[in-house]
Amino acid sequence: MFIRFYLVLILSLYSSISFSLTVDEARHLLSRTGFGASPKEIYELLPLTREQAVDKILSGLGGRLDEPELAFTKKPMPDYFWYKNKPINKAEPFWFAREKEMFQLRGWWLDKMISTKTPITEHMALFWHNHFVSSYKGTGGLTVPLYNQLQLFRTKGTESFSSLLHAILKDPAMLIYLNNDLNTKEKPNENLSRELMELFTLGTGHYTQNDVRELAKILTGRSVDISKSWHYVYKKNDHVVGNKTFLGKTGDLNVDDAVEIILENPHTAEFLSRKFYKEFVGLSPNEKAVTEFAKVMRDEKYQIKPYLRYIFLSKYFWDKKNRGNLVKSPVDLVVGFVRTTGLKLPDIQILDRYIQVSGQSLFYHVDVSGWKGGLSWLSSSQLFSRPKIISRLWDAYDDSQQFEKAAHGDLLVRVSGEYSGAYIPAYEVLVNGKKVASGVLKTAINTLTEGDSSVPDRPNPMWQTIVISKSKLPSNIEEVVFHFVSPSGVPKCIPNDQKMSMERCKQYSSTRAIFVNWMQVNGQRFPVEQGVQSYDSDNDITPIGMLYHPARIRFDIAKLKKENSGVNPALLDLSIGKHRLNSIIEHGTTRLPLAMQPAARKLGTPTDFIRELKNYKLVKSYQSVLLSLSPIGGFSDDSNEMNASKKMFLEDIKKLTLDPSYNFK
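Residues numbered from 1 in each chain as written. Predicted model: local features only at pLDDT ≥ 70, side-chain atom pairs only at ≥ 80, totals over all residues. Heavy atoms only, no water.

## A short note on the packing of aromatic side chains
And step 1. Across all of its chains, the model carries 30 aromatic pairs by this definition.
And step 2. On the basis of an interplanar angle of 35° and a centroid distance of 6.0 Å, the ring pair of Phe161 and Tyr302 is categorised as tilted. Taken together, the residues span a long stretch of sequence, with Phe161 in helix α8 (residues 161–168) and Tyr302 in the loop between α14 (287–299) and α15 (304–312) at a distance of 141 residues. There is no split in this pair, since Phe161 and Tyr302 are both buried.
And step 3. Its end group placed over the ring of Phe94, Arg98 keeps NZ or CZ at 4.7 Å from the ring centre.
And step 4. Just above the ring of Phe103 sits the side chain of Arg106; from NZ or CZ to the centre is 4.9 Å. (Phe/Tyr/Trp six-rings, centres within 6.5 Å; stacked < 30°, edge-to-face > 60°. Helix = DSSP H or I, 4+ residues; strand = E, 2+ residues; numbered from the N terminus. Buried < 20%, exposed > 50% of the residue type's maximum accessible area, 1.4 Å probe, protein only. Lys NZ or Arg CZ within 6 Å of the ring centre and 35° of its normal.)

Here it is as structure tokens:
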């Protein structure tokens, strides 16, 4: 009996030690199921077996969404179709408000991806967002219904495909997007019927045109109350009554009947399993694996958690041939970087901009088929922008130390800039008429090498947070002036002057620009819209906050505080206001503080990533922490031990993230 006891004990110890995850395996599991992998997240999985690690990953899937809602979702819904047939001068303010709501929604969701304890939940929501496509433009600007649809993906989409499918066929955004609100017995509309089978369930070749017509009849009457609530409504008088024949079944079928018929069809599980394989395992589906996954899906009655568990424990998922063979989407690239390195920003609208530049704009799918994914993310323009975006994120990482150290009473100014030629944009900050700070913009980009940020596929320069210590400030701040100054010692350039070559003349004639986002005093944030802008020389008219010549932006703090018009960092709603969106200075976009503090770890100074590598004894494995593949660019590492200089070690890490292999997971 004792021998048996010790044998069981030895076997259990052997199992827990010999089969615990390696660093590469932990990173593989985390990056495939979430977004990136921080050293702490990897470390927490290392003592676990594959089964234990997968169960830990899935443990929070489908949990209750206990979180604050966006402010605009609590207001009465507007008449989204009010703008139709209205003069443009009357319709524009309405559209500005909807655009601002959408920007807030995107920033809100990105924050959830960054800060969540269970990234698999947001990963699945993103998966369904690209499966059951309903775009902002395609719905006519339905912001709140799209928010509600996202919440549906984050709840039903983590429970059961069956319950999600039933729910999506009552979803207002989906019904509007695919015109089922126009589907009546007098004039059937087949859009939803066709896409339901072709793109959402069965796939092409597994239904007939007659099935499309019959399913459209079944779907008649499912509509949206566009007069007030914008909720689902069943219009009985629009429904086609009587027998229909759908996928070989005949009767007075309703929508629930049709859904069950679709789910019973084996092609549905195969179609979905092929998509799940491409999402989590590899770009080229193994048909044997697809058949195996489909059987499990049917056996589990389309329940999500046991199905994912099977995939994540399958030999296909862990096959070394299937590591580093998936391309990171723009969301995965940017959010993964932030989660991995612990980057913290004052607000995250710039991240949304970088994701858009890379070809993926949340809620803005080109068509109902969604983003193609895979190698389509690596087009020539995206290959150009991706390393530049990573460089911008490192700029933010370096700058975040200033922001992290800022005390409540410090003065903060958030700016960015660009230039061409020899002179980087310079600034001064004056408080109550006295200069308290000056310098040049560290994150300004040279447009001669980086491209102009006004070009649609070029990433904006990263924001820099200028922090002025409370000790340098007067006790009573009445006025703050941000001054874009001319560089000193620049000779006047006269073309064709014999004393100066044309090349040298162009260098001195370089353009410079500073973009101002906001200013913060004693924790109260004032958007640049609340300042007054004036130029030092000519009266050039540009949007406030966009300084293309030496100019000043003055904030009358005494007046603004008296009017209580400062934007408190806790403010949740910016859908009102006269200024339209501006992608460069982010007018009217989200200024939500949000979480930006992944609950998995406390974020701090820019050395946190290196400190985590050291604390969790992952210094020797730092390449495995960051990459699924060996560096494509031929990066040779002779610094497996922590370099004497943290700065040098950080440069090694930066090189890895700028290597083409960082695009894969």
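## A few points about the side chain of Asn180
And step 1. Looking at the element boundaries, Asn180 is found in the loop between α9 (172–177) and α10 (191–198).
And step 2. Accessibility expressed as a relative area gives 1% for Asn180, which makes it buried.
And step 3. Reaching out from Asn180, the side chain makes a polar contact with the backbone oxygen of Leu219 at a distance of 3.0 Å.
And step 4. The contacts of Asn180, once residues within four sequence positions are left out, are Leu175, Leu192, Leu219 and Arg222. (Polar contact = N/O pair within 3.5 Å; in protein donor to acceptor, adjacent residues only side chain to side chain. Contact = heavy atoms within 4.5 Å.)

## Looking at the side chain of Glu122
And step 1. Within the secondary structure, Glu122 sits in helix α6 (residues 119–129).
And step 2. On the basis of relative accessible area, Glu122 is assigned to the buried category, the value being 2%.
And step 3. Among the polar contacts made by the side chain of Glu122, one reaches the side chain of Trp109 at a distance of 2.9 Å.
And step 4. At 2.8 Å, the side chain of Glu122 and the side chain of Arg154 are in polar contact.
And step 5. With residues up to four places along the chain from it excluded, the contact list for Glu122 reads Phe35, Trp109, Lys112, Met113, Thr116 and Arg154.

## What to know about the layout of surface pockets
And step 1. When its volume is computed, the largest pocket comes out at roughly 750 Å³.
And step 2. Asn130, Glu279, Trp371, Lys372 and Gly373 are the residues nearest the centre of the largest pocket, which is lined by 25 residues in total.
And step 3. Elements that contribute at least two residues to the lining of the largest pocket include exactly α6 and α13 (266–280).
And step 4. Here the lining of the largest pocket takes four residues from α13, the largest share from any one element.
And step 5. In terms of residue class, the lining of the largest pocket is made up of 11 nonpolar, eight polar and six charged.
And step 6. Reported here for the second largest pocket is a volume of approximately 560 Å³.
And step 7. Every residue lining the second largest pocket is counted, 29 residues in all, and those nearest its centre are Asp398, Asp399, Gln401, Gln402 and Lys442.
And step 8. Elements supplying a minimum of two residues to the lining of the second largest pocket: α19 (380–405), β7 (434–440), β9 (464–468) and α25 (646–658).
And step 9. Taken together, the residues of the lining of the second largest pocket break down into 11 nonpolar, nine polar and nine charged. (1 Å grid on protein atoms, 1.4 Å probe; cavity = no way out; pocket = protein on both sides within 12 Å on 5 of 7 lines; lining within 4 Å. Points joined across faces, edges and corners; volume = space filled by probe spheres on them. Nonpolar A, V, L, I, M, F, W, Y, C, P; charged D, E, K, R; others polar.)

## Quick notes on empty space enclosed by the protein
And step 1. Using the criterion set out here, one finds four cavities of 30 Å³ or more in the structure.
And step 2. By volume, the largest cavity amounts to about 140 Å³.
And step 3. Along the walls of the largest cavity sit 17 residues, with Ser31, Gly36, Ala37, Lys328 and Leu626 positioned nearest its centre.
And step 4. Those elements that provide at least two residues to the lining of the largest cavity are α2 (23–33), α17 (330–341) and α24 (622–626).
And step 5. The biggest single contributor to the lining of the largest cavity is α17, with five residues.
And step 6. Partitioned by chemical class, the residues of the lining of the largest cavity number eight nonpolar, five polar and four charged.
And step 7. Here the second largest cavity defines a volume of roughly 40 Å³.
And step 8. Contributing to the lining of the second largest cavity are Lys344, Leu345, Pro346, Ala396, Asp399, Ser400, Phe403, Met462, Trp463 and Thr465.
And step 9. For the lining of the second largest cavity, the leading source of residues is α19, giving four residues.
And step 10. For the lining of the second largest cavity, the residue count by class is six nonpolar, two polar and two charged.

## Overview of the pattern of salt bridges
And step 1. With the rule as written, the count across this model stands at 23 salt bridges.
And step 2. The partner of Asp24 in a salt bridge is Arg323, and the shortest N-O contact between them spans 2.7 Å. With Asp24 in helix α2 and Arg323 in the loop between α16 (315–318) and α17, this residue pair connects regions lying 299 residues apart in the sequence.
And step 3. Relative accessible area serves as the criterion here: at 9%, Arg323 is assigned to the buried category.
And step 4. Glu25 is the salt-bridge partner of Arg323, the closest N and O atoms lying 3.9 Å from each other. Note that Arg323 is positioned in the loop between α16 and α17 and Glu25 in helix α2, a separation of 298 residues in sequence. (Salt bridge = Lys/Arg side-chain N within 4 Å of Asp/Glu carboxyl O.)

## Some words on the sheet that holds strand β10 (residues 479–485)
And step 1. One open sheet holds the five strands; their spatial order is β7-β6-β10-β15-β13, and the pairing between them is antiparallel. Here the strands that pair on one side only, and so sit at the sheet edges, are β7 and β13 (532–535). Strand after strand, the sheet turns through a mean of 20° between neighbouring axes, direction not considered.
And step 2. In this structure, β13 lies alongside strand β15 (residues 551–556), joined through four bridges in antiparallel fashion. Across the sheet, residue Gln533 finds its bridge partner in β15, namely Ile553. (Pairing = 2+ DSSP bridges. Axes fitted to C-alpha atoms, helices over the stretch in contact; angles between N-to-C directions.)

## Considerations on the environment of Glu214
And step 1. Looking at the secondary structure, you find Glu214 in helix α11 (residues 209–219).
And step 2. The spacing of Glu214 and Thr245 is 31 residues in sequence and 6.4 Å in space, taken between C-alpha atoms.
And step 3. Each residue touching Glu214, except ones within four places of it in the same chain, is listed here: Asn243, Lys244 and Thr245.
And step 4. From its side chain, Glu214 meets the backbone nitrogen of Thr245 in a polar contact 2.9 Å long.

## A few points about the environment of Lys244
And step 1. As for its position among the elements, Lys244 is in strand β3 (residues 244–246).
And step 2. Judged by relative accessible area, Lys244 falls into the buried class, the value being 2%.
And step 3. Taking the C-alpha atoms as reference points, Lys244 and Asn254, separated by 10 residues in sequence, lie 9.3 Å from one another.
And step 4. Excluding residues that lie within four positions of it along the chain, Lys244 makes contacts with Glu214, Lys217, Ile218, His239, Lys249, Thr250, Gly251, Asp252 and Leu253.

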